[in-house]
Amino acid sequence: MLTKRLITKDTYYVGGSDRRIALFENVYPLTNGVSYNSYVIMDKKTCLLDTVDESICNTFIKKVSEVLGLRKLDYLVIDHMEPDHSATISNLLQKYPDVTIICNDKILAMLKNYFEDVAMPYVQVIKEGEVLDLGEHKLTFVFTPMVHWPEVMMTYDMTTKTLFSADAFGTFGALSGNLFAHEVDFDHDALDEARRYYCNIVGKYGPQVQAALKKASTIEIETICPLHGPIWRQDITYILDKYQHWSTYDPEKKGVLVVYGSVYGHTAEAASIVCDDLALEGVRDIHCYDVSKTDKSYLVSEAFKYSHIFILSTTYNAEIFTPMEEFVRDLKYHNLQNRTVAIVENGSWAPQAKKLLTEIFASMKNIKVLDKTLTIKSSLKEEQVNDLYGIVEEMAKDFPKEKLSTNPLFKINYGLYVLSTKIDDKHFNGCIINTVSQVCTDKVLVSVNKANYSSELFSKNKIANISILTKHTPFSIFQRFGYQSGKTVNKFKGFKDFRLAKNGLPYISRFSNSYLSLKCVEIIDLGSHYGYICEVVDSLQLSNEDSVTYAQYMDFIKPKPARDEKKVVGWRCKICGYIYEGKDIPKDFVCPICKHGIQDFEKIGW
Ligand code: FEO
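Residues numbered from 1 in each chain as written. Predicted model: local features only at pLDDT ≥ 70, side-chain atom pairs only at ≥ 80, totals over all residues. Heavy atoms only, no water.

Q: Honestly, the packing of helix α9 (residues 266-280) against helix α13 (residues 385-396) in this entry has me stumped. Any pointers?
A: When two helices pack together, their arrangement is given by the angle between the helix axes and the distance between those axes. At a closest axis distance of 9 Å, the pairing of α9 and α13 adopts a crossing angle of 50°. Taken together, α9 and α13 sit at an angle that is classed as oblique. You can see that α9 and α13 cross each other, and the crossing is right-handed. Here A270, I273, V274, D277 and L278 of α9 lie close against α13, whose contacting residues are L388, Y389 and V392. Among the residues making up the contact of α9 with α13, the classes are represented as 7 nonpolar, no polar and 1 charged. (Axes fitted to C-alpha atoms, helices over the stretch in contact; angles between N-to-C directions. Helix = DSSP H or I, 4+ residues; strand = E, 2+ residues; numbered from the N terminus. Parallel < 35°, antiparallel > 145°, perpendicular 65-115°, else oblique. Left-handed = near helix turned anticlockwise from the far one by under 90°. Contact = heavy atoms within 4.5 Å. Nonpolar A, V, L, I, M, F, W, Y, C, P; charged D, E, K, R; others polar.)

Q: Teacher, can you tell me more about empty space enclosed by the protein here?
A: To locate leftover empty space, one rolls a probe as large as a water molecule over the atoms. Applying the stated criterion to the full structure yields 3 cavities of 30 Å³ or more. The calculated volume of the largest cavity comes to roughly 50 Å³. When its residues are assigned to classes, the lining of the largest cavity shows 10 nonpolar, no polar and no charged. A volume near 40 Å³ is recorded for the second largest cavity. Forming the walls of the second largest cavity are L2, T3, K4, R5, Y13, K63, E66 and V67. Counting residues per element, the lining of the second largest cavity draws most heavily on helix α1 (residues 57-68), which supplies 3 residues. Taken together, the residues of the lining of the second largest cavity break down into 3 nonpolar, 1 polar and 4 charged. (1 Å grid on protein atoms, 1.4 Å probe; cavity = no way out; pocket = protein on both sides within 12 Å on 5 of 7 lines; lining within 4 Å. Points joined across faces, edges and corners; volume = space filled by probe spheres on them.)

Q: Looking at this structure, I do not really get the pattern of salt bridges. What am I missing?
A: Where side chains of opposite charge bring their charged atoms close, a pairing between them can arise. Under the defined criterion, the tally for this structure stands at 22 salt bridges. In this structure, E128 engages K215 in a salt bridge whose closest nitrogen and oxygen atoms are separated by 2.9 Å. One end of the pair, E128, is in the loop between β11 (123-125) and β12 (131-133); the other, K215, is in helix α7 (residues 206-216), and 87 residues separate them in sequence. According to the relative accessible area criterion, E128 is partly exposed, its value standing at 40%. Between D133 and K138 there is a salt bridge whose closest N-O contact spans 3.1 Å. Residues joined in a network through salt bridges with shared partners are D192, R195, K242 and E252. (Salt bridge = Lys/Arg side-chain N within 4 Å of Asp/Glu carboxyl O. Buried < 20%, exposed > 50% of the residue type's maximum accessible area, 1.4 Å probe, protein only.)

Q: I tried to follow the pairing of strand β7 (residues 39-42) on my own but got confused; where do I start?
A: Along a regular strand, successive side chains alternate from one face of the sheet to the other. Burial along β7 is two-sided: Y39 and I41 and V40 and M42, pointing in opposite directions, are all buried. Pairing analysis gives 3 bridges linking strand β2 (residues 11-13) to β7, with the strands arranged antiparallel. Across the sheet, residue T11 finds its bridge partner in β7, namely I41. As judged from the 4 bridges shared by β7 and strand β8 (residues 46-49), these two strands associate in the antiparallel manner. Each bridged residue has a counterpart across the sheet, and for V40 the counterpart in β8 is L48. In sequence, β7 turns back onto β8 through a hairpin of 3 residues. (Pairing = 2+ DSSP bridges.)

And the structure:
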């Protein structure tokens, strides 16, 4: 007893999977088999849509029989005559000799060729758009030649809005219980095999697939039932969008496919340098393959996926290295277009690969071969490394560079500290600073913006404490000491997490791992800041927690800007987040919170 699987109203799945198969069409390696799908509609009239490969014949006949029960099979619709879907027609006819075969004239011609000796007393040849009435379900037929053979048609159930799409929208891989694409992680687990199936089986026929997609766009589709792989009932636009890319030869992703053909490893070594150089140029999607090791069907699929192809091939018998020639010819046979290609050749005495590869690519549509090339004689020479890099650089121009910081000084690592000073013996002030450096055995340099109240107090009293903040310091500490001015606010009012050091000044007792008590011995005028050269007169470690860096503060402590902040057009202080509204910020503007100048502001909302 096999499980009946209902797909949509009155429509059952009667296909199955073959996991023993090693080569699909005796060409394409399969690691996890393939499914052969077939469907039965149970209406006043019963109708089977396509049969299956002979490898699963017994299971198929059993399933059809269980779904039909005691009823007879009225119709067999044949959408595609390739034997992976038609080989079991004769077995079916043995069991259901009265069935009427519904097909088009091209299918009928093939049917006679494949089954010369099989009696088919009832055949109804239909025309495109004709309607077959099953009772409640009305079927109509859309002819889609060359997707993937010339006779192919698709059947559309107008009642359930189901498209029986023949090979289109199929996928390599057996089905494991879940019949619908939305029931599996299609993007992660099946997309690569869907692409490999498409490119290798129908990749050559992009214009015909486009014509089929155009016809499909005129009908309302709720379910797509292909002859291989999962059924589509949700997110149908996902697979339609993939087919749009593949059938127009539009790269699915911006990336570089690096394929090398190497006999003794020297060309492979050059390929490895190409990959490193591409990465250093900021290209992130780089996929490198040895053409001798990887089946061509995977390489063709990758070539359909990525925008750029970097070929490195040795010469062999005065021709292109054989596996590389097969691969590149396969790209041509599958009609690949719209790619940028770089070619590097190797040849110990009479290199030929570059010339011959260029000729093949020149015969393909819209393939741009980079002018820069390189000939390696046996092994890449030291003086050629730059030439190789030049080709990579040329290709990498097509890839957007990662946005780099506008100011390399921002790459210097900083900590964050509370500098505490005194107003008088009972009143204190504190501010956030990011520059404290030990400049010799017993002295540190502290830099404070001249506009800060703390600078005024430190310059006057010559003593201060530095509390070294930890990674777990909450944002409230930065708000308290960094986002307001001591000239207008008593920053220690209501604050409990401090103690007084021996010098009578406060240090932050919580969220700092150490404090230093400083005595200023020299003040250097640095322009916007004063540099205080200080002796460390006392210090204490409070915990083993790591000190916070400025980068950690920006990444993990400082709240991210609110979404609607984007609506504001102006400038944002990169130090404290203060926003200046308006495009025209004065050149001498100083952040009223952290006192940084406009060099530390960035545009927002422009
Ligand atoms: Fe799955 Fe063209 O046959």
